[in-house]
Amino acid sequence: MADPARAARLAQRIKVVVAQALGKVVKDPRVEGVTVTDARVTNDLQHATIYYTVFGDEEAKEGARAALEKAKGVLRKEVGRNVTVRLTPSLEFVPDEIPVNASHLEELLREAKARDAEVAALAQGAVHAGEPDPYKRDEDEPDEDAADDDAGNGTNRA
């Protein structure tokens, strides 16, 4: 079992090597819009998961996925040349969903802010329903609050 810090350093190195290889070694035009966002390596240094995003529509994303799968052997060879480990890790490419999730969260936050503004605008001129003092009191009954204050002053000694 390798050190997790070593696995993290190796992941960063693999991320850089794969990104450079996509620009220089892989000649497929479908990978031009691919950005490597992150890489993770298992603690035994045998498997690397590389996260990527693609600039473009669904067709570009599907083409980039196919091109990465096709170029997986060439990219693994480049990783093996540029990384000093006994065994070259296998590569797995996974589309990164963080930008999609972030844009969805931003949309939800904009919607919530708009609703808050609507509620604030409605509350601006609103008044409470009913009377200012909603509690009913009989005029001939003494005020209970005053009786409670007298009981709490310590004059009742037994």
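Analysis parameters
Residues numbered from 1 in each chain as written. Predicted model: local features only at pLDDT ≥ 70, side-chain atom pairs only at ≥ 80, totals over all residues. Heavy atoms only, no water. Helix = DSSP H or I, 4+ residues; strand = E, 2+ residues; numbered from the N terminus. Buried < 20%, exposed > 50% of the residue type's maximum accessible area, 1.4 Å probe, protein only. Contact = heavy atoms within 4.5 Å. Pairing = 2+ DSSP bridges. Axes fitted to C-alpha atoms, helices over the stretch in contact; angles between N-to-C directions. Core = buried A, V, L, I, M, F, W, Y, C linked by side-chain atoms within 4.5 Å.

Participant: Can you walk me through the overall build of the protein in this structure?
Facilitator: From N to C terminus, the protein includes five helices and three strands. Counted from the first residue to the last, the protein has its helices and strands arranged as α-β-β-α-α-β-α-α. Counting the 158 residues in the protein, one finds 24% classified as buried. Taking all contacts inside the protein whose residues are at least 6 apart in sequence as the whole, residues at least 24 apart take part in 60%.

Participant: Is there a simple way to explain the sheet that holds strand β3 (residues 90-95) in this structure?
Facilitator: Pairing between the strands of a sheet comes from backbone hydrogen bonds, and it takes one of two forms, parallel or antiparallel. Strand order in the open sheet formed by three strands is β1-β2-β3, with mixed pairing between adjacent strands. Because the sheet does not close on itself, it has two edges, and the strands there are β1 (34-41) and β3. On average, each strand axis in the sheet is tilted by 25° relative to the strand beside it, whichever way the strands run. Pairing geometry for β1 and strand β2 (residues 47-54), over seven bridges, is antiparallel. Each residue of the ladder has a partner; that of Val34, found in β2, is Val54. Helix α1 (residues 4-24) rests against β1, β2 and β3 of the sheet, and its axis sits at about 155° to β1.

Participant: Quick question: what am I supposed to make of the nonpolar core here?
Facilitator: Considering soluble globular proteins, one finds that nonpolar side chains tend to be buried as a cluster. By size, the foremost hydrophobic cluster in this structure holds 29 residues, and its most contacted members are Ile14, Val18, Leu22 and Leu75. Among the secondary structure elements, those contributing two or more residues to this core are α1, β1, β2, α2 (58-70), α3 (72-82) and β3. The leading source of residues in this core is α1, at eight residues.

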